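Remarks on the overall topology
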Amino acid sequence: KNLGLVVIERKIYIQHVFDDHLTKGDTYTCLTEGAALLRMSQCKLAMICLFQEHKPRLPPNTVTYFDQGLKQDHRIPLFYVLFKIHKDPWMTRPVVSFCGSFRNLFSKWLDDQMKRLLPLAITYLKDSFQFLKEADDLGRLPTNAHLFSPDPLGMYNSIMWPHSPDVFRTLSLTHISH
């Protein structure tokens, strides 16, 4: 795990992409190029409209960020898999890279806004050092106690874009960007 580079034949890699992910009809849907472009343009239009609707209430630095970002060329998100060779049998983790894409413009802003809210949550831990200190302060735990950690990275691929404008709208209305 996290031991570095994995080299695999392209043919085997592509086979795993299809067998492990793209042919799973309960998770992925095959779209024509036209349908995919239509969905991306609908998403882009919805997010631009949302920004325009709330632009008068956003701070100047946020308006500048979006105005400049909207003028840039954006790339199409990329899908790829990472091999988990420490599993037996091997498994793959799907990744959708939004870096440089239109949605990345909004997700960077949303990430910044969410980071401002995190310290308000009573379950927030700044880092592993804080966890270790607090766990040590608990003293001896009962024998039936279980410590666990969630895998929030695994949730990202399941967040649907229609939900994003609602989050953006809620955050804008609560003025956390000030």
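Please refer to the structure higher up on the page.
Notes on the structure in this doc start here. (Residues numbered from 1 in each chain as written. Predicted model: local features only at pLDDT ≥ 70, side-chain atom pairs only at ≥ 80, totals over all residues. Heavy atoms only, no water.)

**With respect to the nonpolar core**
Judged by nonpolar contacts, Cys 43, Met 47, Phe 51, Leu 58, Val 63, Phe 66, Phe 102, Leu 105, Phe 106 and Trp 109 together constitute the single largest core of 10 residues. Elements that contribute at least two residues to this core include exactly α2 (33–54), α3 (60–71) and α4 (102–117). By residue number, the principal contributor to this core is α4, which donates 4 residues. (Core = buried A, V, L, I, M, F, W, Y, C linked by side-chain atoms within 4.5 Å. Buried < 20%, exposed > 50% of the residue type's maximum accessible area, 1.4 Å probe, protein only. Helix = DSSP H or I, 4+ residues; strand = E, 2+ residues; numbered from the N terminus.)

**Topic: the pairing of strand β2 (residues 91–97)**
Bridge count for strand β1 (residues 78–84) against β2 is 7 bridges, and the pairing is antiparallel. Looking at β2, one finds that Phe 79 is bridged to Val 96. From the end of β1 to the start of β2, which pair antiparallel, there are 6 residues. (Pairing = 2+ DSSP bridges.)

**Focus: the pattern of salt bridges**
Enumeration according to the criterion identifies 4 salt bridges in this entry. As a salt-bridge pair, Lys 115 and Asp 111 come within 3.1 Å of each other at their nearest N and O atoms. Separated by 4 residues within a single helix, Lys 115 and Asp 111 lie in helix α4, roughly one turn from each other. According to the relative accessible area criterion, Asp 111 is partly exposed, its value standing at 38%. Ionic pairing is found between Arg 116 and Asp 112, a salt bridge with its closest N-O pair at 3.1 Å. Of this pair, Arg 116 and Asp 112 both sit in helix α4, separated by 4 residues, roughly a single helical turn. Taking relative accessible area as the criterion, Arg 116 reaches 41% and is therefore assigned partly exposed. (Salt bridge = Lys/Arg side-chain N within 4 Å of Asp/Glu carboxyl O.)

**A look at a nonpolar patch on the surface**
A contiguous nonpolar patch, built from Leu 125, Phe 129, Phe 131, Leu 132, Leu 138, Leu 141 and Leu 147 and spanning about 720 Å² of accessible area, is present on the exposed surface. If you trace the backbone, Phe 131 turns up in helix α5 (residues 128–138). (Patch = residues over 30% accessible without salt bridge, like charges linked within 9 Å, V, L, I, M, F, W, Y side chains within 5 Å. Areas by Shrake-Rupley, 256 points an atom, 1.4 Å probe, with all protein chains shown as cover.)

**Some thoughts on the packing of aromatic side chains**
One pass over the structure, following the stated rule, counts 8 aromatic pairs. Ring geometry for Phe 51 versus Phe 66: centroids 5.0 Å apart, planes at 40 degrees, classification tilted. On the criterion of sequence distance, the pair formed by Phe 51 in helix α2 and Phe 66 in helix α3 is long-range, its members being 15 residues apart. The exposure class assigned to Phe 66 is buried, which follows from its relative accessible area of 0%. Where Tyr 65 meets Phe 66, the ring centres are 5.1 Å apart and the plane angle is 75 degrees; that geometry is what we call edge-to-face. Note on Tyr 65: relative accessible area 28%, which makes it partly exposed. Grouped by ring-pair contacts, the aromatic residues Phe 51, Tyr 65, Phe 66, Phe 102, Phe 106 and Trp 109 constitute a single cluster. (Phe/Tyr/Trp six-rings, centres within 6.5 Å; stacked < 30°, edge-to-face > 60°.)

**Notes on the side chain of His 21**
Positionally, His 21 belongs in helix α1 (residues 10–22). In this structure His 21 comes out as buried when scored by relative accessible area, which is 8%. A distance of 2.7 Å separates a polar atom in the side chain of His 21 from a polar atom in the side chain of Thr 92. When residues no more than four places from it in sequence are discounted, the contact partners of His 21 are His 16, Tyr 28, Phe 79, Val 81, Thr 92, Arg 93 and Pro 94. (Polar contact = N/O pair within 3.5 Å; in protein donor to acceptor, adjacent residues only side chain to side chain. Contact = heavy atoms within 4.5 Å.)

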